[in-house]
Amino acid sequence: MEITRRHLLSALSAAGLLTVIPTGRANAADAAADSARLLANTVAVFAGSAESNARPETAAKRAAIDKAARANLKSMDAAGPGELFAGLVLGTDEGKLNTAYKQLYEIALATRAPGAAPDLYGDATVQRRVIDGLTWLHDHYYGDQSKGYYGNWFYWEIGLSQFISKTLVLLADEVQAYRPDLLRTYVASMDAYLRNGTDGDVNLDSRFHTGANLADITTNRILQGALLIADGGGAPDGEARIRKALTDQLTVFATIDPYALNHGVTDGYYADGSFLQHASVAYTGSYGKGLLTRVVQTLKILDGTGFAHGGELVPTVVGWVRDGFAPLIFEGWMMEIVKGRAVSRTDTGYTDVAIVVEAVVDLASLAEDTAGADATTDATALKSYVKHIRATSRAALDPSSFVSPVSITRYADITGDASVPAEDLNPASRTVAFNAMDRTVHRRPGYAFALARSSSRISKYEYMSGENLMPWFQGDGAYYLYLSGQDQTQAYGVDYFTAVSPYALSGVTAPVEERRTVPELYGKPYYDNPGHPLNFTSSSESQNTYVYFPRGTGPHSGGAVLGAYGAAAMVQSDDVPYRDKQKGVLPDDFVVYRNATATKSWFLFDDEIVVLAADVGDTAGRAVTTTVDSRTAAPDDLTTVTGALRDGRPWTGPGTGDLHWLRYANATRGTSLGYVFLDTPRVRVSLDEVTRSRRVVRTSNPDTAVTRTVLGVTVDQAAGAEPACLAYALVPNAGERALRSYTRHDGALTVHANTPRLQAVTHQGLGLTAANTFTPGRHETAGLRVEGPASVLVRRGRRHGAPVTVAVADPTTRRDTVTVLLRGRSLSKVSADPQVRVAHVLGGTRLDVDTRHAYGRSFTVTLR
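Everything numeric in this text was worked out from a predicted model, so none of it was measured.

1. Things to note about the sheet that holds strand 3 (residues 281-282)
In space, the three strands of this open sheet follow the order 1-2-3, with antiparallel pairing throughout. With partners counted over all chains shown, the strands left at the sheet margins are strand 1 (268-269) and strand 3, one partner each. Bridge count for strand 1 against strand 2 (residues 275-277) is two bridges, and the pairing is antiparallel. Looking across to strand 2, one finds that Gly-268 is bridged to Leu-276.

Right, dumping it as structure tokens:
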């Protein structure tokens, strides 16, 4: 179910079309009954039910709830004068205030978790200690609006309200009996802290109230509305709050149409599966994961109430999982290309996927409860996907990390059901062009390749709050090649970014220079200059544009997909800060960096990823490095590097040579990767032991030393050198015999062109020719004529008269029409997307492809 945001908002504004949110109730009794159900659902989500908590699978979760509550109570007992919890100093650090509310919530949770010890479960004395704590915090550190709202806006509008609202839900009866005025006091304060909203409510025109943030805020307000109804006398206010919050939250279900934005919002899910947050950050693996979790939780909370027909939304969320998440999860690991600043955290990867799995488990239950054959099919597919992740993950998935004890039991039921097969939501071979977020994923049995691009539409990286301190080239064609069977914490994750130089990420072309982190440059985690016309404050739009997640300045970044094959392209550009500093827009003390130049293509086949790079250099005359690959290993892993020179002589690294092929193997991990240098200057191969602290990439990481052996495969260009061209292939899991079989003249892989205008390759074994064109005008190569910038794939069958399939895309997203001529005999259309027109012309078959408002989508045609 794909709803455009425009159509959804239109439907919601028209009387009689509220299909998801029913009309208001006829009497207060119905509202009260639905509110009671909503609050009971919420308690079950977080504390579990008598049934779930009686099962042995939830024992570890219940023990963790008990342990946290007792530790927090002990800390309350030890608190000194002016403290709620021992040693937790409040008043200047919003994160510590959040911790105080979190610890009160954890105590409250234990008092509502069935099966908890009798000195906690249902104990009114303990509950009143929590209520007294809420009262004390409001009186001293939260209620005074003139003193609040320091630091990060997120805590005041979202984070604190999450813990306050859930705690009030857990203790609703005792609050009403003990401090009946506390609920309305807190609701009024939470409303007042929505300062990016309007009149204490959500503002859909605010850049702060979008995507995952909007889902969080509106879920908080749904809980508050139910509490107001249950409080007595607040039914009209409470029901109106719930209906408004649901109406606002429904906008996150709408597929973003970049050509018809509502409220100027680009955050959310796109038709190609992309997810953006912060307007231009590829973020499925962090904020997208948060949105998925919050939406599924909300559907569970609403289940059985009359506030919304949540079942109608389930197919949309299933689509997010199938098209947005599944391609980005490889053997239980969330790929680096969609984590933003979270790549620098110590708990990403397998932990990310465990969070997704909980949402999928609950989504399967919701689909099962939805009428219709499609819902049954969805439920079965989701259950199979849960078992697939469990079977393929290289780290054991710990269900005790789930938020809900009920989810733990559902997970146990799925994994214990022999009738449910373990099946991926992806086909074994798949290429996905997430062009709306400048990402490409290429999957094959045995490996997955993930590529991060950037453009004038999508940020080069995300840095914020001391996280991801050295991100500069993460969107400049950085790629990650995940090999099957490997524990990915040994290849990527925080230790990859800790050990590998930020200038030497795999796939990156970078100038040889030393850049400084934001804290090093300005003495704080952001650039502070509120007196400048651009108003640089910690949460200002200028901070986003120039410091936190700057975009590139070039439009060319995209690619085409034909079946399971793909082509991607990017013209490397300077970022917006560098451009605007040259225009005199930015302050004199604002530091910017100039980028190197490169025009790059990635051609995605079965056994090879072919990379072409042209115009590799630097207009400022600096030395430049292009990293073919950087791979890490534990220092005691048995690794070998072998290869051959172009003249056929064997070569063993490290060192520099005119290489034909190279093979890196890690016998300890059972992995290998080959490199075939089709037309590349001398290659430098290094194998170094590196020790650094995880704190170099994130200020709040523990000061833990990481030692890794780092393989570097690099092409160096001296300062002032002429621009270079590179052509090489990555060959996952290759043996030496396979690598020796690649020769420069056997035609198996033929590079037809590698210039800043045109890059093209043919894979003879697949009958596949792929071309990326970058400039206006006519481009001729390998039996193709392409007009203007485009990405084109052509596959010809081996037999005479076999069909020819073609895919065409506009990687600039700016063209109305792309024209391609297939030279040779005239071909007739067998099938085609409606946007493709076929004509017989002198010299061959012309394809005119309507790419207007396609946002990089591929269009295909089959000819014979």
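Additional details are given in the paragraphs that follow.
2. With respect to the layout of surface pockets
Its volume calculated, the second largest pocket comes out at about 710 Å³. As for the second largest pocket, its lining consists of 34 residues, and the residues nearest its centre are Ala-271, Asp-272, Ala-854, Arg-857 and Ser-858. Elements represented by at least two residues in the lining of the second largest pocket include exactly strand 6 (430-434), strand 11 (557-562) and strand 35 (859-863). Sort the elements by how many residues they give to the lining of the second largest pocket and strand 6 lands first, with four residues.

3. Overview of the confidence of the model for the protein
For the protein, the average pLDDT comes to 95, and 97% of its residues sit at 70 or higher. Predicted confidence for residues 5-17 stays below pLDDT 50, and this span has 21 contacts to residues more than four positions away or in other chains.

4. What to know about the nonpolar core
Formed by 213 residues in total, the largest nonpolar core has its most connected members in Tyr-101, Tyr-186, Phe-449 and Tyr-675. The greatest single-element share of this core, amounting to twelve residues, is contributed by helix 14 (residues 350-368). Each residue touching Tyr-186, except ones within four places of it in the same chain, is listed here: Tyr-101, Leu-134, Leu-137, His-138, Tyr-142, Ile-164 and Leu-168. Within the second largest apolar cluster, 26 residues are counted, among which are Phe-605, Val-676, Leu-739 and Leu-766.

5. Observations regarding the pairing of strand 27 (residues 778-781)
Going residue by residue along strand 27, you find His-779 and Thr-781 tucked away on one face and Arg-778 and Glu-780 left uncovered on the opposite face. Pairing of strand 27 with strand 28 (residues 784-787), which is carried by four bridges, proceeds in the antiparallel orientation. Looking at the pairing, His-779 lines up with Val-786 of strand 28.

6. Some remarks on the sheet that holds strand 33 (residues 836-841)
What the five strands build is an open sheet, ordered 27-28-31-34-33; its pairing is antiparallel. In this open sheet, the two edge strands, each paired with only one partner strand, are strand 27 and strand 33. Along the sheet, successive strands turn relative to each other by an average axial angle of 20°, direction set aside.

7. Things to note about empty space enclosed by the protein
Overall, the coordinates contain nine cavities of 30 Å³ or more when judged by the stated rule. The computed volume of the largest cavity comes to approximately 210 Å³. Residue lining of the largest cavity: 20 residues in total, with Tyr-461, Trp-472, Val-518, Tyr-546 and Val-591 positioned closest to the centre. For the lining of the largest cavity, the secondary-structure elements that each account for two or more residues are helix 18 (518-522) and helix 19 (541-548). The residue makeup of the lining of the largest cavity, split by class, is 16 nonpolar, one polar and three charged. One number sums up the size of the second largest cavity: a volume of about 150 Å³. Lining the second largest cavity are 19 residues, with Glu-336, Ile-337, Gly-340, Arg-439 and Gln-474 positioned closest to its centre. By residue class, the composition of the lining of the second largest cavity is ten nonpolar, five polar and four charged.

8. Quick notes on the side chain of Asp-362
Structurally, Asp-362 can be placed in helix 14. The exposure class assigned to Asp-362 is buried, which follows from its relative accessible area of 2%.

Reading the values: the criteria
Residues numbered from 1 in each chain as written. Predicted model: local features only at pLDDT ≥ 70, side-chain atom pairs only at ≥ 80, totals over all residues. Heavy atoms only, no water. Pairing = 2+ DSSP bridges. Helix = DSSP H or I, 4+ residues; strand = E, 2+ residues; numbered from the N terminus. 1 Å grid on protein atoms, 1.4 Å probe; cavity = no way out; pocket = protein on both sides within 12 Å on 5 of 7 lines; lining within 4 Å. Points joined across faces, edges and corners; volume = space filled by probe spheres on them. pLDDT = per-residue confidence, 0-100. Contact = heavy atoms within 4.5 Å. Core = buried A, V, L, I, M, F, W, Y, C linked by side-chain atoms within 4.5 Å. Buried < 20%, exposed > 50% of the residue type's maximum accessible area, 1.4 Å probe, protein only. Axes fitted to C-alpha atoms, helices over the stretch in contact; angles between N-to-C directions. Nonpolar A, V, L, I, M, F, W, Y, C, P; charged D, E, K, R; others polar.

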